[in-house]
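Topology and contacts: notes
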Amino acid sequence: MSISSLKLDIAQNHFFTGEKSDLFSRKEAGKARTFHQKIDNYQPTPLYSLDGLADLFQVGKILVKDESQRFGLNAFKMLGSTYAIAQLLCEKYHINIDNFSFEKLKHSLTEKITFTTTTDGNHGRGVAWAAKQLGQHSVIYMPKGSAQERVEHILALGAECIVTDMNYDDTVRMTMETAKKHGWQVIQDTAWPGYSQIPTWIMQGYTTLADEAVEQMNQMGISRPSHVFLQAGVGAMAGGVLGYLADVYGANQLHSVVTEPELANCLYRSGIKGEIVNVDGDMPTIMAGLACGEPNPLGWTVLRNCARQFLSCQDAVAALGMRVLGNPYQKDPRIISGESGAVGLGVLAAVHYHPQRDALRKKLALTKDAVVLLINTEGDTDVKHYREVVWQGKHPTSA
């Protein structure tokens, strides 16, 4: 590949404190993982070591946690929605979470519950799946521009799926108003005043993947990663995972980078200012799972305290990551990664082929000994677009 100047804006977090969060600790992650282990077909998703690519990019290790293999739903989001719904029902019916079973509760529920949420696709699939396991109804709202394939995945789980003519954040507000009117239960992965318990449970559910990754790194003889790149929409996954990793390793021992599309970079802007900054408008990024303009306050608090840098990049960076993962170097495993899942690897590739590579490596503290942990949060959840990018070269690295 030739030299290419893909846009990478990197902001140092001057508000870093390293303060840990009790909400996203090893203890809470253990509870969530114990719950997930009881779900049929649970198994840890793979942690791949891309040794060939690490040699090419002149770092020690590149590790990719592949969430495209999570419960057959092609994304990590089910970890959060199932855990939140289970915790909600345990609280409502006075059940110990250790004794919770979707199958048992399905046969004992006497009331009808409608679960609802706003989603780019993956979170909605998790909510729809849980509702189906309980024999309950779900209504899933999606923002305008949502891929038809993602709609069909949700419909296939028996949910009602409605695509609005609004962006993600406005659709969330509409979902809340509709739920209040009809008495539905909202399962949303962002928080606001008066609504924080469910998003906390969702974020705690996400820590399962991080707990698995730490265990897998230990089995590989890796004491800790030096770097972690975490892509962010509202910041729920990034906040939950970084909160856990900070508890395990200490935030001061991690060079953590929060990565966003430049068309929806609310956390990047918040990181510069030191307080929440919202982004308005359509946010037409290919990274649909990250097309959110309003940070989750729970996640933002963790990221403000524990993230080293905030990074904003153009869509071509994610497209590059998709192509590199799908066409492995030397004997590295092939990884099918969707637009939102590939951006972390895309950043590493964009840095390597950038005319200012040395300066960017120095800014990101990428040395020959760096151990970089990446999360592939989704597979090809929109197969048509995946092939347009990987086969046909959509969103090229050069004009």
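Right, let's walk through the structure included here. (Residues numbered from 1 in each chain as written. Predicted model: local features only at pLDDT ≥ 70, side-chain atom pairs only at ≥ 80, totals over all residues. Heavy atoms only, no water.)

**Points about the pattern of salt bridges**
- On inspection of all chains with the given rule, the structure shows 21 salt bridges.
- Close ionic contact of glutamate 388 with lysine 384 constitutes a salt bridge, the shortest N to O distance being 2.7 Å. Placement of the pair is glutamate 388 and lysine 384 together in helix H15 (residues 383-390), with a separation of 4 residues, close to one helical turn.
- Residue class for glutamate 388 comes out buried when judged on its relative accessible area of 17%.
- Owing to a relative accessible area of 58%, lysine 384 belongs among the exposed residues under this scheme.
- Measuring nitrogen to oxygen at the nearest pair gives 3.2 Å for the salt bridge that ties lysine 394 to glutamate 388.
- The structure contains a network of salt bridges with shared partners spanning Lys65, Glu67, Arg70 and Glu212. (Salt bridge = Lys/Arg side-chain N within 4 Å of Asp/Glu carboxyl O. Helix = DSSP H or I, 4+ residues; strand = E, 2+ residues; numbered from the N terminus. Buried < 20%, exposed > 50% of the residue type's maximum accessible area, 1.4 Å probe, protein only.)

**Structural notes on unusual backbone geometry**
- Even without being glycine, phenylalanine 71 reaches a positive phi, approximately 55°.
- The class for phenylalanine 71 is buried, based on a relative accessible area of 18%.
- Backbone geometry at histidine 94 places phi at a positive 55°, although glycine is not the residue there.
- The topology assignment puts histidine 94 in the loop between helix H3 (78-93) and helix H4 (102-108).
- For histidine 94, a relative accessible area of 74% puts it in the exposed group.

**As for the sheet that holds strand E5 (residues 137-142)**
- The strand order across the open sheet formed by 4 strands is E6-E5-E4-E7, and the pairing between neighbours is parallel. Edge positions in the sheet fall to strand E6 (160-163) and strand E7 (185-186), since each of these pairs with one other strand and no more. (Pairing = 2+ DSSP bridges.)

**With respect to the nonpolar core**
- Judged by nonpolar contacts, the single largest core of 92 residues is most densely connected at Ile85, Phe100, Phe102, Phe115, Ile187 and Leu245.
- If we ignore the near neighbours within four places in the chain, the residues touching isoleucine 85 are Phe102, Phe115, Val127, Ala130, Leu134 and Ile187. (Core = buried A, V, L, I, M, F, W, Y, C linked by side-chain atoms within 4.5 Å. Contact = heavy atoms within 4.5 Å.)

**Side note on the side chain of glutamate 28**
- As for its position among the elements, glutamate 28 is in helix H1 (residues 26-37).
- Residue class for glutamate 28 comes out buried when judged on its relative accessible area of 17%.

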